[in-house]
Amino acid sequence: MTPSPPAPRADAARNRKHLLAVATRAFMSAGTEPSLREIARAAGVGIATLYRHFPTREALVAAVYADQVARLTEGARELLAALPPSQALRRWMNLFGDWIATKDGMLNTLLAMIESNELAHDQTHTDLIAAIDDILRAGHATGELRTDVTAEDLAAHLIGIFTVAPLPEHRARADRLLDTLMHGLRPKP
């Protein structure tokens, strides 16, 4: 049996987490994909530190993408545990918008990775639909959300909203559209 690799040192784990957070912000706010040097500079580390954690642009993009998907799937559970379903859904929509904005900032690399099968896009879709479905089912059970809207329907609405009101520059418009969508998701009296 092959021994598992040693756990990363605490400072290395903090560096990696910090680099992921900075890269996420850089991708989210970028008009075009930022360079790795820009990300390292924004993180306050040398390029060698970034490469030690993420040896290629694809490795960094994959890590940011996986982190964002985990935030969405875990976020749905955490929000449902803390809030009524309709409030959890509205807050989750903001997480979804951040994910879309982050994806847009690394789109060229993501598309190349999907095309070369380096990224499991189908699994991401399945995981996100399941997260939406969990929130919708909770809202159906409490009577807060309409029962005739599917997770696929809601995902299509969200993609449409964030296409016409991309973040971060159109946050106010996106919020208005999301609030309107939430109004439409409530059952008719």
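Source: prediction; values computed, not measured. (Residues numbered from 1 in each chain as written. Predicted model: local features only at pLDDT ≥ 70, side-chain atom pairs only at ≥ 80, totals over all residues. Heavy atoms only, no water.)

Visitor: Any chance you could explain the packing of aromatic side chains here in plain terms?
Guide: Per the counting criterion, the structure on display carries 4 aromatic pairs. Taken together, a centroid distance of 6.2 Å and an interplanar angle of 45 degrees make the contact between tyrosine 65 and tryptophan 99 tilted. Of the two residues, tyrosine 65 sits in helix H4 (residues 57–82) while tryptophan 99 sits in helix H5 (residues 85–104), which places them 34 residues apart along the sequence. When sorted by exposure, tyrosine 65 lands in the same class as tryptophan 99, which is buried. Every member of this aromatic cluster is reached through a ring pair, and the members are Tyr65, Trp92, Phe96, Trp99 and Phe162. (Phe/Tyr/Trp six-rings, centres within 6.5 Å; stacked < 30°, edge-to-face > 60°. Helix = DSSP H or I, 4+ residues; strand = E, 2+ residues; numbered from the N terminus. Buried < 20%, exposed > 50% of the residue type's maximum accessible area, 1.4 Å probe, protein only.)

Visitor: Even after reading the chapter, I still don't get the confidence of the model for the protein chain, so can you show me in this structure?
Guide: Low-pLDDT stretches of the model should not have their predicted coordinates read in fine detail. Chain-level statistics for the protein chain give a pLDDT mean of 90 and a share of 95% at 70 or above. When mean pLDDT is compared element by element in the protein chain, helix H9 (residues 171–185) scores highest at 96, while helix H6 (residues 107–115) scores lowest at 87. (pLDDT = per-residue confidence, 0-100.)

Visitor: How do you make sense of unusual backbone geometry when you look at a structure like this?
Guide: What is expected of a backbone is that most residues other than glycine have negative phi and most peptide bonds are trans. For the peptide bond that leads from leucine 167 to proline 168, omega is 0 degrees, which places it in the cis range. Structurally, the position occupied by proline 168 is in the loop between helix H8 (151–164) and H9.

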